[in-house]
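# Reading the structure
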Number of protein chains: 2
Amino acid sequence: MKPSFPTSRRDILRMGAAAMGGTLLSEQEALALDTPGTLGAPLGPYGDRSPFEKAVRWRRESKTPETGSSFTPLQDSVGTLTPSSLHYERHHSGIPTIDPARHRLVIHGMVDRPLSLSMADIRRLPSVTRTMVLECGGNSASEWAATTAPDVQRSFGLASCSEWTGVSLPLLLAEARVRPGASWVIAEGADACRMERSIPLAKALDDAFLAYGQNGEALRPAQGYPLRLRLPGWEGNANVKWLHSLKLTDQPYMARDETSKYSDLMPDGKARIFSYRMEAKSVITFPSGGQTVPGPGVYELTGLAWSGLGRIERVEITTDGGKTWTNAKLQEPRLPIAFTRFRLPWRFDGREAVIASRATDETGYLQPSREALVAVRGTNSVYHFNGMKFWRVRADGAVSNVEV
Amino acid sequence: MKPSFPTSRRDILRMGAAAMGGTLLSEQEALALDTPGTLGAPLGPYGDRSPFEKAVRWRRESKTPETGSSFTPLQDSVGTLTPSSLHYERHHSGIPTIDPARHRLVIHGMVDRPLSLSMADIRRLPSVTRTMVLECGGNSASEWAATTAPDVQRSFGLASCSEWTGVSLPLLLAEARVRPGASWVIAEGADACRMERSIPLAKALDDAFLAYGQNGEALRPAQGYPLRLRLPGWEGNANVKWLHSLKLTDQPYMARDETSKYSDLMPDGKARIFSYRMEAKSVITFPSGGQTVPGPGVYELTGLAWSGLGRIERVEITTDGGKTWTNAKLQEPRLPIAFTRFRLPWRFDGREAVIASRATDETGYLQPSREALVAVRGTNSVYHFNGMKFWRVRADGAVSNVEV
């Protein structure tokens with residue numbers, strides 16, 4: 001099987017020819033199809049999506065629906081942003097309803113000038129905006145197992161990309177005057193379980209910020225309204241939601257979510273902890289598990305790539321199970337730590353194809369194969385899977401996982 | 001009155017000092033404020049905003065709510081995107097409910113190969129993604145009058161910025177094989193009034209595309225679901241919604257919306273027509289009309305700038321009624337024809353200030369004053385106002401229009 005990637009303009013046009021085959025309806029017939037005879041709906045204060053659009057987050061059935069994960073439908077994604085309504089969720093005691101007029105952020109512990117800030121205080125400070133991925137440390141946990149999740153939503157959908165707006169954390173820490181000897185910041189949320197994580201002071205003083213805006217409006221409740229810690233490139237869990245306390249200390253707290261959870265049990269039985277950084281990763285969203293390629297012809301093969309270390313420099317595609325690789329086209333602008341959409345015209349010739357993508361980021365880091373990852377990390381791990389994802393396109397067009 | 005723009009790190013920190021003044025609550029008191037004692041809401045399939053968020057589009061009361069405009073609440077905007085739910089609307093016969101499985105796009109007229117395409121046909125073609133402003137040709141129409149709209153929503157809110165995804169129009173036109181002699185494309189929508197506009201073929205063959213995606217999901221019904229013509233930098237009305245027909249012709253149709261509407265009656269009594277391009281523009285969103293600056297101190301003055309001609313290169317701020325101007329800081333990345341957020345720390349000293357912004361784009365075009373615009377265009381115009389917007393901040397902090 002020889003992979004076939006149309007590259008010339010003529011080839012691309014054949015995609016059109018393939019897609020547009022068949023008889024043209026008469027002009028009158030075609031124009032009449034969708035023309036309503038009556039006035040449409042009135043203008044409104046706050047809009048909704050079309051009733052024909054059905055994409056939703058997926059979650060496991062549970063007797064405790066306040067805790068768990070819900071997954072972004074990446075198979076339905078277009079472009080590089082995730083609609084806030086479909087941003088993945090991962091909660092430990094439900095989504096609190098917080099009145100922003102009563103919310104306060106306290107900065108305390110090893111500081112000379114403890115602060116208690118209202119949201120109004122925070123919103124009048126200099127602001128920053130960054131479009132970035134947020135990815136759960138447990139995204140793709142299913143991929144460590146021999147039987148993996150059946151589609152891209154359930155296997156890679158704990159990652160979403162938004163435009164975040166907020167206030168620089170270094171600015172606030174300068175105002176609080178951190179005492180010599182402080183080396184950690186304990187971030188705590190205002191949810192019922194008071195979810196907390198220990199953040200190295202060096203990260204807090206580097207590029208951390210406190211987000212109150214998401215995709216042009218206030219942060220959504222499920223993403224931490226009214227305030228969330230944002231740590232560019234670090235696992236979602238450390239980006240504490242409903243942030244109400246930052247405590248400066250000289251040691252980490254060894255909280256539940258950095259010891260028994262979100263740490264990596266290695267083959268030698270020791271655990272890697274404080275492994276916050278999410279490495280380069282990519283996945284094909286079309287064609288992907290559960291979808292069907294309608295028939296032979298040319299299609300746009302597409303997917304998403306991202307890295308917690310910076311920009312995506314290259315995404316390669318294989319359609320022959322990893323024997324040969326071809327560079328995909330990357331959507332510009334490629335923003336650091338943001339989703340980068342990749343695309344490649346692909347001719348499906350009606351014979352089985354095994355497809356995958358692999359990303360390289362600006363540091364030169366190449367997304368590993370599952371085998372290479374397992375060779376280092378073993379299979380005790382739950383978190384931080386960033387291996388390649390292979391899909392099998394059968395001769396009849398049905399797409400499914402490749403058994404590992 | 002000497003304008004005061006803090007620039008040093010020490011000055012910026014004083015913003016903190018000002019905002020964070022007052023006694024720190026006890027740590028226990030502050031932490032207790034917002035900590036709920038019970039489990040929060042469960043995870044859900046499709047999220048909503050917080051019930052505390054109230055921003056909505058504004059529209060004039062009307063007996064025909066299917067026609068008219070609704071305005072984006074720019075005063076509440078953060079970052080550079082507009083939430084799809086708050087994107088401005090301008091409809092002529094309401095929002096049709098279109099089943100994408102039945103919708104077709106017909107390309108006909110002066111072509112050798114007429115096409116009738118389903119949405120599935122269109123979605124398998126090579127796609128492009130661009131973050132761009134859409135601005136109604138009638139945005140800021142109120143600013144031509146002596147008594148202008150009272151706030152930034154009603155005076156500048158017919159402009160919104162989204163990430164759009166779709167298919168290149170030149171690709172489709174190549175497939176349809178446009179005949180020699182064709183020079184216009186008549187674009188028609190599937191709304192009840194079959195809104196139509198004449199588009200020069202040169203624009204269609206330059207950078208036009210057909211959008212089916214907006215902000216990572218399907219286009220919203222109010223923005224043309226399932227398909228909208230997108231003409232980068234051109235007035236919203238020409239970006240025909242619910243697009244179902246593109247007819248190639250050798251002359252324009254002289255449709256209602258390019259003759260009696262969306263044309264510019266000049267001082268000499270002649271009308272400028274086919275004036276599609278939206279020029280460089282900016283406006284301060286905080287502080288802006290109807291808002292109140294709580295008291296003397298340092299604030300972040302902020303707003304939005306954009307140009308139909310390309311990137312924003314510079315935004316200048318005055319706080320002394322135009323006597324002196326200072327460069328604002330521009331949010332990166334500055335994308336062509338997209339909202340660019342500008343920001344400047346500003347010290348309000350409790351004395352009246354008259355503030356405005358002016359933008360320069362990458363072509364060197366400088367946003368004119370209202371007076372300079374009127375000198376050329378007169379006051380017969382309704383459309384294409386891009387003059388500077390001055391706000392008066394009174395000594396008590398109340399912000400309003402400056403009478404012209």
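Keep in mind that what you see is a predicted model, and the values were worked out from it rather than measured. (Residues numbered from 1 in each chain as written. Chains lettered and ligands numbered in written order. Predicted model: local features only at pLDDT ≥ 70, side-chain atom pairs only at ≥ 80, totals over all residues.)

### Regarding the overall build of chain A
- Looking only at helices and strands, chain A features eight helices and 23 strands.
- Relative to the compact-globule value of 22 Å for 404 residues, chain A shows a C-alpha radius of gyration of 23 Å, a close match.
- Taking the principal axes of its C-alpha atoms as reference, chain A extends roughly 75 × 65 × 45 Å.
- Counting every position in chain A, which comprises 404 residues, the buried fraction comes to 54%. (Helix = DSSP H or I, 4+ residues; strand = E, 2+ residues; numbered from the N terminus. Rg over C-alpha atoms; globule rule 2.2 N^0.38 Å. Buried ≥ 20, exposed ≤ 12 C-beta atoms within 10 Å, placed from the backbone.)

### A word on the interface of chain A and chain B
- Contact with chain A, which involves 103 residues of that partner, is made by 102 residues of chain B.
- Top contributing element to the side of chain A that touches chain B by residue count: helix H1 (residues 9-19) of chain A, with six residues. (Contact = placed C-beta atoms within 7 Å.)

### Description of the relation of the copies chain A and chain B
- Superposing chain A onto chain B takes a rotation of 180 degrees combined with a translation of 0.0 Å along the rotation axis, leaving an RMSD of 0.0 Å. In symmetry terms, the pair is related by a two-fold rotation axis.
- Of the interface residues in chain A, 99% have counterparts in chain B that sit at the interface too, so the contact is made through matching surfaces. (Least-squares fit on C-alpha atoms with pLDDT ≥ 70 in both.)

### Considerations on the pairing of strand E17 (residues 312-318) of chain B
Residues and elements named next belong to chain B.
- Here E17 runs beside strand E21 (residues 353-361); their pairing, made up of six bridges, is antiparallel. Bridge pairing links Thr-318 to Ala-356 in E21.
- With two bridges connecting them, E17 and strand E18 (residues 326-327) associate as antiparallel partners. Of the residues in E18, the one forming a bridge with Ile-317 is Thr-326. (Pairing = 2+ DSSP bridges.)

### Re the domain arrangement of chain A
Residues and elements named next belong to chain A.
- Domain boundaries in chain A define domain 1 (84-271) and domain 2 (281-401).
- Taken together, the contact pairs 24 residues of domain 1 with 25 residues of domain 2.
- Put simply, the parts of the chain that give the side of domain 1 that touches domain 2 at least two residues each are strand E5 (127-135), helix H4 (152-156) and strand E13 (264-265).
- Residue classes in the side of domain 1 that touches domain 2 are distributed as 14 nonpolar, seven polar and three charged. (Domains from an automatic or database assignment. Nonpolar A, V, L, I, M, F, W, Y, C, P; charged D, E, K, R; others polar.)

### Observations concerning helix H8 (residues 370-377) of chain A
Residues and elements named next belong to chain A.
- Among all positions of H8, only Arg-370, Leu-373 and Arg-377 are buried. Seen from one end, H8 has its buried residues packed into an arc of 65 degrees, which puts them on one side. Of the exposed residues in H8, the ones pointing more than 90 degrees away from its buried face are Glu-371, Ala-375 and Val-376.
- Tucked into the core, H8 has its buried residues touching E13.
- Following H8 by one or two positions, Gly-378 adopts a phi angle in the positive range, close to 70 degrees. (Arc of directions from axis to C-beta.)

### A few points about the environment of Gly-40 of chain B
- When you line up the elements, Gly-40 of chain B lands in the loop between helix H2 (27-33) and strand E1 (68-70).
- Apart from the residues within four sequence positions on either side, Gly-40 of chain B is in contact with Glu-66, Ser-93, Gly-94, Ile-95, Pro-96, Thr-97, Asp-191 and Ala-192 of chain A.

### Digging into the sheet that holds strand E20 (residues 340-348) of chain A
- Reading across from one edge, E15-E16-E20-E19 (chain A) is the order of the four strands in this open sheet, with antiparallel pairing throughout. Of all the strands in the sheet, just strand E15 (281-286) and strand E19 (329-330) of chain A have a single pairing partner and so form its edges.

### Here's the deal with the environment of Arg-123 of chain A
- By the secondary structure assignment, Arg-123 of chain A is in helix H3 (residues 119-123).
- When the C-alpha positions of Arg-123 of chain A and Leu-169 of chain A are compared, they lie 13 Å apart, and in sequence the two are 46 residues distant.

### What about the sheet that holds strand E12 (residues 243-249) of chain B?
Residues and elements named next belong to chain B.
- Taken in spatial order, the five strands of this open sheet run E4-E3-E12-E7-E8, and their pairing is mixed. Edge strands, defined here as strands with exactly one partner in the open sheet, are strand E4 (115-118) and strand E8 (196-200). The average angle at which neighbouring strand axes cross in this sheet is 15 degrees, direction not considered.
- Judged from the four bridges that link them, strand E3 (residues 104-109) and E12 form a sheet pairing that is parallel. Note on E12: the bridge partner recorded for His-108 is Lys-247. (Axes fitted to C-alpha atoms, helices over the stretch in contact; angles between N-to-C directions.)

### Observations regarding the pairing of strand E16 (residues 297-306) of chain B
Residue and element names in this part refer to chain B.
- Counting buried positions over the ten residues of E16 gives eight, a clear majority of the element.
- Across five bridges, the pairing between strand E15 (residues 281-286) and E16 is antiparallel. Looking at the pairing, Lys-281 lines up with Trp-306 of E16.
- Here nine bridges tie E16 to strand E20 (residues 340-348), and the two strands are oriented antiparallel to one another. Residue pairing across strands places Leu-301 opposite Leu-344, the latter belonging to E20.

### Some points on the confidence of the model for chain A
- Averaged over every residue, the pLDDT of chain A is 93; residues scoring 70 or more account for 91%.
- Model confidence for the complex is summarised by a pTM of 0.95, with the ipTM given as 0.94. (pLDDT = per-residue confidence, 0-100.)

### Digging into unusual backbone geometry
Residue and element names in this part refer to chain A.
- Following Phe-286, the chain continues into Pro-287 via a peptide bond in cis, with omega recorded as -5 degrees.
- Residue position: Pro-287 is located in the loop between E15 and strand E16 (297-306).
- You will see that Phe-274, though not glycine, has its phi angle at about 50 degrees, which is positive.
- Among the secondary structure elements, Phe-274 is positioned in the loop between strand E14 (271-272) and E15.
- The exposure class of Phe-274 is partly exposed, given the 15 C-beta atoms found within 10 Å.
- Positioned with a positive phi, Ile-337 is a non-glycine residue whose angle comes to about 65 degrees.

### Examining the environment of Ala-280 of chain B
Residues and elements named next belong to chain B.
- On the secondary structure map, Ala-280 appears in the loop between strand E14 (271-272) and E15.
- Judged by local crowding, Ala-280 falls into the buried class, with 25 C-beta atoms found within 10 Å.
- In this structure, Ala-280 is in contact with Ser-307, Leu-309, Ala-359, Thr-360, Asp-361, Tyr-365, Gln-367 and Asn-386, ignoring residues within four places of it in sequence.

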